[in-house]
Amino acid sequence: MKYVKHALATLLIILLAMTGVQASEVPGDLNGDKIVSDDELIAAERLAQEGTIASNQLEEIRNVHENYPKTITDSAGRNVTIYKPLDAVIPLSMTTYEPIFVLGAIDKIAGVRTDLRDAYYPWISGLENKPTIGGYKGIDYEKVIELKPDMVFVSRYKPEINEKLKLANIPLFVLEFAQMDRFDDELQILGELLDREDRADEFISWRHNYLNQIIDRTENIDPKVKVFIATGNGPWGTSTNGSGSHDVVTAAGGHNIGGEIQGESGGVAVDPEWVLKKDPEIVICLSWLAGEPPSNLTGYDITSPDNVEQYLKAQYGSDVLKDIEAGKKHRIHVLYGPITLGSCSAPIGVYYCAKWFYPEAFKDLEPEKLNEEYFEKWMGVPYAGIWAYPQAS
């Protein structure tokens, strides 16, 4: 037996020498089964006693032995097994970025989308020097594979993407972060994957504290204001049930008229005559960046309201909108689109909307203060920019 253990120890030395250049290897695994057995742990402990490996290397191996492999179910209902802590991940969807920021795990991002780095998150320190993997119009999967991440995150399962990554032994994990009622579970899963469980629980508690203050006051409002959500996805794109923006409007006490459309989940293009007939009392126009229309109206680096004021002037003079109640009573508002995607900042969208929907009932509400707290406490940056316009008085 001692010869076996000696052989294991010798192999472990070779393995530890290799792990610096082969990040996909499981520390302490000698036989290639991706599991650290009792014998392999004993061999590592012996090397640590001899001073051949450092104490932190032993702790890493012990962690793998005690806690891995683990199988976790993603948002698509797929069971995905991981064999060691995730040190390098690549999020492909916009909705996964802020959860990673909130968890304080920017250092684990191995590759970043150019549109998100340059347009949406240039104010996040640590992204500027990350390798790029393409943008929302097209992901460079060869680059993704070249970066050898431990895992790739997407918001929707696509078999063709899974097959590409599977050939390179890179697991694909689905986390939608698109619906408010699923957010807690998904953030807890991400916290487990990134070893940030405590941070996830802390944020969920913070989020619930603010959301409940609104929902408790809006759920019994009757009738609710009728709201049309203009998503920017085409001239008459709107949000339906199953979208983050629908959840935000609903939590704020609004009735999303797009939610009445049967058989559509997420978003749909509607006929302008339908909007005219529904006669919404409020219109929420979602604004975007990186050239997605309507673009550059709101955001962190937007310091002047000139663009958004010009945009609103055009909306008030447009066919249909000028003839509905929202247009007649000047209740068309612009809201930063990512706030409504059902991810971390959704409570901020709820606060802005509640203040717009029921200004008398929510005189005490201060959405800007909540947004400032979110940026400084969870994003770790000073607050700046225009995120909603015009502000409710």
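Overview of the structure. These numbers were taken from a predicted model, which means no experiment stands behind them.

1. Details of the packing of helix α8 (residues 183-193) against helix α9 (residues 197-218)
In step 1: One way to put it is that α8 packs onto α9 with a least axis distance of 8 Å and a crossing angle of 160°. What the angle tells us is that α8 and α9 run roughly antiparallel. α9 is crossed by α8, and the crossing has right-handed handedness. Here F183, D184, L187, Q188, G191 and E192 of α8 lie close against α9, whose contacting residues are E197, A200, D201, F203, I204, R207 and H208.
In step 2: Its residues assigned to classes, the contact of α8 with α9 shows 5 nonpolar, 3 polar and 5 charged.

2. A closer look at empty space enclosed by the protein
A water-sized probe, rolled over the atoms, reveals where empty space remains.
In step 1: In the structure shown here, the tally under the stated rule is 3 cavities of 30 Å³ or more.
In step 2: Space inside the largest cavity adds up to approximately 70 Å³.
In step 3: Along the walls of the largest cavity sit E98, W123, Y336, I339, S345, I348, N371, Y374, F375 and W387, which together make up its complete lining.
In step 4: By residue number, the principal contributor to the lining of the largest cavity is helix α15 (residues 367-379), which donates 3 residues.
In step 5: Looking at the lining of the largest cavity residue by residue, the classes come out as 7 nonpolar, 2 polar and 1 charged.
In step 6: Taken as a whole, the second largest cavity spans an internal volume of roughly 60 Å³.
In step 7: Residue lining of the second largest cavity: M94, T95, E98, Y121, P338, L341, S343, C344 and S345, and that is the complete set.

3. Quick notes on the sheet that holds strand β6 (residues 151-154)
The strands making up a sheet are joined through hydrogen bonds of the backbone, oriented either antiparallel or parallel.
In step 1: If you walk across this open sheet you meet the 3 strands as β3-β6-β7, and the pairing is parallel. Of all strands in the sheet, those with a lone pairing partner are β3 (89-91) and β7 (172-174), marking the two edges. Direction aside, the axes of adjacent strands within the sheet are offset by 25° on average.
In step 2: Of the strand pairs in this sheet, β3 and β6 are connected by 3 bridges, and their pairing is parallel. Opposite V89, over in β6, you have M151 as the bridge partner.

4. Things to note about the side chain of Q315
In step 1: With respect to the helices, strands and loops of the structure, Q315 is situated in helix α12 (residues 306-316).
In step 2: Its relative accessible area of 17% is what places Q315 among the buried residues.
In step 3: In this structure Q315 touches L321, K322 and I332, once residues within four positions along its chain are discounted.

5. A short note on the side chain of S93
In step 1: With respect to the helices and strands, the residue S93 is situated in the loop between β3 and α4 (97-102).
In step 2: Setting aside residues up to four positions removed in sequence, S93 forms contacts with R113, F153, V154 and S155.

6. Some details on the packing of aromatic side chains
Describing an aromatic ring pair means giving the distance of the ring centres and the angle of the ring planes.
In step 1: Following the criterion strictly, the structure yields 26 aromatic pairs and no others.
In step 2: Measuring from centroid to centroid gives 5.2 Å for W206 and Y210, while their planes differ by 65°, and the two rings are edge-to-face. Separated by 4 residues within a single helix, W206 and Y210 lie in helix α9, roughly one turn from each other.
In step 3: Of the residues examined, Y210 reaches a relative accessible area of 16% and is grouped as buried.
In step 4: Positioned above the aromatic ring of Y68 is the side chain of K70, whose terminal nitrogen or guanidinium carbon lies 4.9 Å from the ring centre.

7. Brief notes about the pairing of β6
In step 1: Every second residue of β6 is oriented toward a common face, with M151 and F153 on one face and V152 and V154 on the other, all of them buried.
In step 2: The pairing of β6 with β7 spans 3 bridges and is parallel. What sits directly across from V154, in β7, is V174.
In step 3: What joins β6 to β7 is helix α7 (residues 159-167), and the crossover it makes is right-handed.

8. Some remarks on unusual backbone geometry
Most peptide bonds take the trans form, and the phi angle of most residues other than glycine is negative.
In step 1: A cis amide bond, omega 0°, links Y68 with the succeeding residue P69.
In step 2: Looking at the element boundaries, P69 is found in the loop between α3 (55-67) and β1 (70-73).
In step 3: Of note, the phi angle at V320 is positive, near 75°, even though the residue is not glycine.
In step 4: For V320, the location among the structural elements is in the loop between α12 and α13 (325-328).

9. Thoughts on the pattern of salt bridges
In step 1: Summed over the entire model, instances satisfying the criterion amount to 21 salt bridges.
In step 2: Where D74 meets R78, a salt bridge forms, and the shortest distance between an N and an O atom there is 2.6 Å.
In step 3: Overlapping salt bridges, with partners in common, bring together E45, E59 and R62 in one network.

10. A short note on the layout of surface pockets
In step 1: Here the largest pocket is characterised by a volume of approximately 1,200 Å³.
In step 2: Lining the largest pocket are 37 residues, and of these M94, T95, S155, R156 and L341 lie nearest its centre.
In step 3: Contributing elements (two or more residues each) for the lining of the largest pocket: β9 (237-239), α10 (244-251) and β11 (267-269).
In step 4: Residue composition of the lining of the largest pocket, grouped by class: 14 nonpolar, 18 polar and 5 charged.

Definitions and limits used
- Residues numbered from 1 in each chain as written.
- Predicted model: local features only at pLDDT ≥ 70, side-chain atom pairs only at ≥ 80, totals over all residues.
- Heavy atoms only, no water.
- Axes fitted to C-alpha atoms, helices over the stretch in contact; angles between N-to-C directions.
- Helix = DSSP H or I, 4+ residues; strand = E, 2+ residues; numbered from the N terminus.
- Parallel < 35°, antiparallel > 145°, perpendicular 65-115°, else oblique.
- Left-handed = near helix turned anticlockwise from the far one by under 90°.
- Contact = heavy atoms within 4.5 Å.
- Nonpolar A, V, L, I, M, F, W, Y, C, P; charged D, E, K, R; others polar.
- 1 Å grid on protein atoms, 1.4 Å probe; cavity = no way out; pocket = protein on both sides within 12 Å on 5 of 7 lines; lining within 4 Å.
- Points joined across faces, edges and corners; volume = space filled by probe spheres on them.
- Pairing = 2+ DSSP bridges.
- Buried < 20%, exposed > 50% of the residue type's maximum accessible area, 1.4 Å probe, protein only.
- Phe/Tyr/Trp six-rings, centres within 6.5 Å; stacked < 30°, edge-to-face > 60°.
- Lys NZ or Arg CZ within 6 Å of the ring centre and 35° of its normal.
- Right-handed = clockwise from strand over helix to strand, strands pointing away.
- Salt bridge = Lys/Arg side-chain N within 4 Å of Asp/Glu carboxyl O.

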